[in-house]
Amino acid sequence: MKFKSKNLREIAAMVAGDHEWFHYRSSFFITEFFEECGLDRKHDGTSRVPWIAAQLADLLDEPSAANKLPDSFARVLRTALDRAESQDGDEDRSKALEALNGPLKK
C-alpha cells in the first residue's frame, strides 16, 4: 500500500509530537514509541519527522490484505491514539483522531 509523501509526513509529525494533540517525542521517546508498537525501530538521531515518515513508508510496504493497512502500520496509529497519550482538552482523543483522519482520508 502506498501513501503520498505529504500524507506520511503529516502522520509522522503527529507521531513526533509536532501537532497540538500529540506528545512531543525526542529521539529516545521515538524509539520507545516504536517499541510500544512491537516494532524494532531505533531512531538514529536524524531529523525526527523525515525518519518517522521513512519508517511508516517501510511499514506500508509489508504484505496485507487488499484495501487493508498492514498490521504494524495500524498498530502505530492505535498507539498514537491511545488514551494514555491524551492532552488537556482532548481526554477522549477525538481531536487527535480527527487530526489523524485528515491525511488518512487523502
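Residues numbered from 1 in each chain as written. Predicted model: local features only at pLDDT ≥ 70, side-chain atom pairs only at ≥ 80, totals over all residues. Heavy atoms only, no water.

Draft legend 1. Structural context of the pattern of salt bridges. The full count for this structure, using the stated rule, is eight salt bridges. The closest approach of N and O atoms between Asp71 and Arg75, which form a salt bridge, is 2.5 Å. Here Asp71 and its partner Arg75 are both found in helix α4 (residues 71-80), four residues apart, which amounts to about one turn of the helix. Beyond isolated ion pairs, a larger network of salt bridges with shared partners links Asp71, Arg75 and Arg78. (Salt bridge = Lys/Arg side-chain N within 4 Å of Asp/Glu carboxyl O. Helix = DSSP H or I, 4+ residues; strand = E, 2+ residues; numbered from the N terminus.)

Draft legend 2. How the structure looks around α4. The buried count for α4 comes to seven of 10 residues, which makes it a mostly enclosed element. Every buried residue of α4 is listed here: Ser72, Phe73, Ala74, Val76, Leu77, Thr79 and Ala80. Those residues of α4 hidden inside the fold are in contact with α1 (5-16), α2 (27-36), α3 (48-60) and α5 (94-105). (Buried < 20%, exposed > 50% of the residue type's maximum accessible area, 1.4 Å probe, protein only. Contact = heavy atoms within 4.5 Å.)

Draft legend 3. Main features of empty space enclosed by the protein. Inspection of the entire model under this criterion finds one cavity of 30 Å³ or more. There is about 30 Å³ of room inside the largest cavity. Lining the largest cavity we find Ile11, Met14, Val15, Phe22, Leu77, Ala80 and Leu100. Looking at the lining of the largest cavity, the elements with two or more residues in it are α1 and α4. Tallying contributions element by element places α1 first for the lining of the largest cavity, with three residues. Its residues assigned to classes, the lining of the largest cavity shows seven nonpolar, no polar and no charged. (1 Å grid on protein atoms, 1.4 Å probe; cavity = no way out; pocket = protein on both sides within 12 Å on 5 of 7 lines; lining within 4 Å. Points joined across faces, edges and corners; volume = space filled by probe spheres on them. Nonpolar A, V, L, I, M, F, W, Y, C, P; charged D, E, K, R; others polar.)

Draft legend 4. Geometry of α2. Looking only at α2, the buried set comprises Ile30, Thr31, Phe33 and Phe34. Considered in projection along α2, the buried side chains sweep an arc of 155 degrees and stay on one side of the axis. Summarising the geometry of α2, the exposed residues directed more than 90 degrees from the buried face are Phe28 and Glu35. Next to the buried residues of α2 lie α1, α3 and α4. Remark: Gly38 follows α2 within two positions and exhibits a positive phi of approximately 80 degrees. (Arc of directions from axis to C-beta.)

Draft legend 5. Broad picture of unusual backbone geometry. Although it is not a glycine, Asn67 adopts a positive phi angle of roughly 60 degrees. Along the chain, the position of Asn67 falls in the loop between α3 and α4. With a phi close to 65 degrees, Arg93 is a non-glycine residue in the positive phi region. Considering the arrangement of structural elements, one finds Arg93 in the loop between α4 and α5.

Draft legend 6. Region of interest: the nonpolar core. Membership of the largest hydrophobic core comes to 29 residues, with the highest contact counts inside it found for Phe34, Ile52, Leu56, Phe73 and Val76. Looking at this core, the elements with two or more residues in it are α1, α2, α3, α4 and α5. Not counting residues within four places of it along the chain, the set of residues in contact with Phe73 comprises Phe3, Leu8, Ile11, Leu56, Leu59 and Leu60. (Core = buried A, V, L, I, M, F, W, Y, C linked by side-chain atoms within 4.5 Å.)

These results come straight from atomic positions and should not be treated as a statement about function.
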